[in-house]
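What the coordinates show
Chain by chain, the residues:
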Amino acid sequence: MSAVMITRKVRKWEKLPGKNTFCCDGRVMMARQKGVFYLTLFLIVGTCALFFAFECPYLAVHLSPAIPVFAVLLFLFVIAMLLRTSFSDPGVLPRALPEEATFIEMEIEAANGNVPAGQRPPPRIRNVQINNQIVKLKYCYTCKIFRPPRASHCSICDNCVDRFDHHCPWVGNCVGKRNYRYFYLFTMSLSLLTIYIFTFDIVHVVMRSVDNGFLNTLKETPGTVLEVLVCFFTLWSVVGLTGFHTYLISLNQTTNEDIKGSWSGKNRVQNPYSHKNIIKNCCEVLCGPTYPSVLDRRGLMSEDSSVSATPAAPSSSSSSSSSTSSSSNSSSSNPVPQTTHGVLCLQKTTAPLIPNEHTPDDAKPSIAASAEKSSSRKEEHPPASKVPPLASPETDAEASLAKDKSH
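Residues numbered from 1 in each chain as written. Predicted model: local features only at pLDDT ≥ 70, side-chain atom pairs only at ≥ 80, totals over all residues. Heavy atoms only, no water.

Scanning the protein from N- to C-terminus turns up eleven helices and 13 strands. The buried share among the 407 residues of the protein stands at 32%. When contacts within the protein are restricted to residue pairs at least 6 apart in sequence, long-range pairs at least 24 apart make up 63% of them. Carbon and sulfur atoms form 62% of the exposed surface of the protein, whose accessible area is close to 26,000 Å². (Helix = DSSP H or I, 4+ residues; strand = E, 2+ residues; numbered from the N terminus. Buried < 20%, exposed > 50% of the residue type's maximum accessible area, 1.4 Å probe, protein only. Contact = heavy atoms within 4.5 Å. Areas by Shrake-Rupley, 256 points an atom, 1.4 Å probe, with all protein chains shown as cover.)

Rendered as C-alpha cells:
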C-alpha cells in the first residue's frame, strides 16, 4: 500500500474558518443560525399576501388602483434590502497566516520583554491617532491580528468584522461596514410597509362597516384581523429600531460603541469619527463608497490530499491459465530455474492443490480429489531427475586424448 499525493484546485470559501454558511459557490454568505431569518421572511411575505388577497381588491375599486401598485413596489424593495443584507459579506477580516501570527507574537514578546513568573502579562494593545484622538487597537486571540478601529469579533459567526455594529438574528447575518446601509434601508422600508398595511387595514374595515356592520365585516374578511394583530405588534419594534439607528447615524456611531459607551463614558472621550454635523454624518454612512470584500471567497487555491493506492490481487482464472501455459512450456524443454525475491525455485507443472479465497465452493471438492490422486501417483512412480548430470573435467580430458590418438 502506497500513498499518492494529488493536488486539486478548490475555492477559498471552502477553507475559510469561522461559523458561516456559503451557497451558490461562495456568492451567498450567511450565519449558520438562520431559523429567525426564515421567520422574518415568512412574516413579511405572509402579511403582504393576506393584504393583497383581502384588502387590495376592495380598495382598488372603491379608492384608487394606485394603492396595490405602491404596496407591491414597497414590498419588493423590502425583500431586496433584506436579501442584500442577509446574503452579503458584512466586512469579515481574514485571519493571520501562521507565518504572520508567529511574527506578531515575536514582536509582542520583544516589546513586552520577559514577564516574571506569577505576574500577568500586559494587555496586547496598540495606539493609533485618528483626528487628534488616541484610539486603542485590541489584539484578537482567535484571528491573531490587531483589529482595525471600530472592528470587533462576533462570537456567533466567530469572525472579526470591520465597523461591527451588531449580529442581527432577524436577517441571519452580522451587520458591519459592507451591509449597514442596506440594513438601515431594510428597517426603514419595513416600517413604512407596516404602517401602510396597518393604515389601509383600518380604512378597509371602516368602509365596509358603514354598509355591512362591524361584525359582519370581520366575518367576511377574517384575514384582516390577523393582519391588524401582526402589524400592531410589529409596528412598535420595527419603528423603534429604525428610530434608534437614525440616532446612531446622526452621531456616526455603531450599536457596539453605544452599548459599551466608548465615546460617552467616564473619560468623556470625543468621538473621532463624527463630523460634528448631522448631514455630513448621514452622508458618510448612507452615501459613502461601497467597500469591496477582502476575503476573495471565489478565488482558487491549491490543496494537497493523499490517496492510498492498493495493488490489485490477480484472479484465480488468470493464475490457472498462466500455470497451464508454463506447464506446457516446461514439458517440451528442460525446466529453467527462476528466482523470485532472491530464492531459487522451479516452475510448477500442476495447479495449486490448496483452494484460495477466489476459488468457488463447488470446485473445492474436485481440487481435493485431484490432490489425492497426484499424491498416489507420486508414491507409485517417483519422478526421475530431469536435470542431466554435469560432466566432470577429468572425463572431458580423457575423451580429447583418445580423439588425438585416433587421428
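This structure, assessed with the given rule, holds six salt bridges. With a closest N to O distance of 3.2 Å, Lys-12 and Asp-296 form a salt bridge. Of the two residues, Lys-12 sits in the loop between β1 (2-11) and β2 (20-23) while Asp-296 sits in the loop between α8 (278-287) and β11 (300-309), which places them 284 residues apart along the sequence. The class of Asp-296 is partly exposed, set by a relative accessible area of 41%. Across the pair Glu-257 and Arg-150 runs a salt bridge whose closest N-O atoms are separated by 2.9 Å. With Glu-257 in helix α7 (residues 255-260) and Arg-150 in the loop between β6 (145-146) and β7 (152-154), the pair connects residues that are 107 residues apart, well separated along the chain. The burial state of Glu-257 is the same as that of Arg-150; both residues are buried. (Salt bridge = Lys/Arg side-chain N within 4 Å of Asp/Glu carboxyl O.)

This next bit is on the packing of helix α1 (residues 35-62) against helix α2 (residues 66-86). With their axes 10 Å apart at the nearest point, α1 and α2 run at an angle of 175° to one another. One way to sum up the angle between α1 and α2 is to call them roughly antiparallel. Residues Phe-37, Thr-40, Leu-41, Ile-44, Val-45, Cys-48, Phe-51, Phe-52, Cys-56, Leu-59 and Ala-60 of α1 lie in contact with α2, whose contacting residues are Ile-67, Pro-68, Ala-71, Val-72, Phe-75, Val-78, Ile-79, Leu-82, Leu-83 and Ser-86. (Axes fitted to C-alpha atoms, helices over the stretch in contact; angles between N-to-C directions. Parallel < 35°, antiparallel > 145°, perpendicular 65-115°, else oblique.)

Now for the pairing of strand β4 (residues 125-130). Relative to strand β5 (residues 133-140), β4 runs antiparallel, the two being bridged by six bridges. When the sheet's bridge partners are listed, Ile-130 is paired in β5 with Gln-133. What sits between β4 and β5 in their antiparallel hairpin is a turn of two residues, with Asn-131 showing a positive phi close to 50°. (Pairing = 2+ DSSP bridges.)

Evaluated as defined, the whole model comprises 13 aromatic pairs. With a centroid separation of 5.7 Å and 40° between ring planes, the pair formed by Trp-13 and Phe-22 is classed as tilted. There is no split in this pair, since Trp-13 and Phe-22 are both buried. Ring centres of Tyr-196 and Phe-200 lie 4.8 Å apart, and the angle between their planes is 55°; this geometry places the pair in the tilted category. (Phe/Tyr/Trp six-rings, centres within 6.5 Å; stacked < 30°, edge-to-face > 60°.)

In this model, Arg-163 sits at a positive phi of 50°, which is unusual for a non-glycine residue. Within the secondary structure layout, Arg-163 lies in the loop between β8 (159-161) and β9 (166-168). Given the relative accessible area of 12%, Arg-163 is considered buried.

Ordered in space as β4-β5-β6, the three strands form an open sheet in which the pairing is antiparallel. At either margin of the open sheet sits one strand with a lone partner, and together these are β4 and β6. Relative to β6, β5 is paired through two bridges, and the arrangement is antiparallel. Within β6, the position partnered with Cys-140 by the bridge is Ile-145.

Moving on, we get to helix α6 (residues 222-251). In an α-helix, one turn spans 3.6 residues; hence positions three or four apart end up facing the same way. Taking 1.5 Å of rise per residue, 30 residues should cover 44 Å, and α6 covers 45 Å from first to last C-alpha, within 8% of that figure. Buried within α6 are the following residues: Gly-223, Thr-224, Glu-227, Cys-231, Leu-235, Val-238, Thr-242, His-245, Leu-248, Ile-249 and Ser-250. Contacts from the buried residues of α6 go to α1, β9, α4 (180-212), α7 and α8. Asn-252 lies just past α6 and shows a positive phi near 55°. (Expected span 1.5 Å × (residues − 1).)

One finds Ile-44, Phe-51, Phe-186 and Tyr-196 to be the most contacted residues of the largest nonpolar core, which totals 35 residues. Of all the elements in the fold, those that place two or more residues in this core are β3 (28-31), α1, α2, α4 and α6. Per-element tally for this core: the top contributor is α4, with ten residues. When near neighbours in sequence (up to four residues on either side) are disregarded, Ile-44 contacts Phe-75, Val-78, Ile-79, Leu-82, Phe-186 and Leu-190. Formed by eleven residues, the second largest nonpolar core is a distinct cluster that contains Phe-22, Cys-157, Val-161 and Phe-164. (Core = buried A, V, L, I, M, F, W, Y, C linked by side-chain atoms within 4.5 Å.)

With that settled, consider the side chain of Asn-256. Note on placement: Asn-256 falls in helix α7. Other than its neighbours up to four places away in sequence, Asn-256 contacts Ser-152, Phe-164 and Asp-165.

This brings us to the confidence of the model for the protein. Confidence in the prediction of the protein, expressed as mean pLDDT, is 77, and 70% of residues score 70 or more. Segment residues 317-369: pLDDT under 50, and 25 contacts once partners within four positions in sequence are set aside and those in other chains are kept. For residues 403-407, every residue scores under 50 in pLDDT, and the model assigns this stretch zero contacts once sequence neighbours within four places are set aside. (pLDDT = per-residue confidence, 0-100.)

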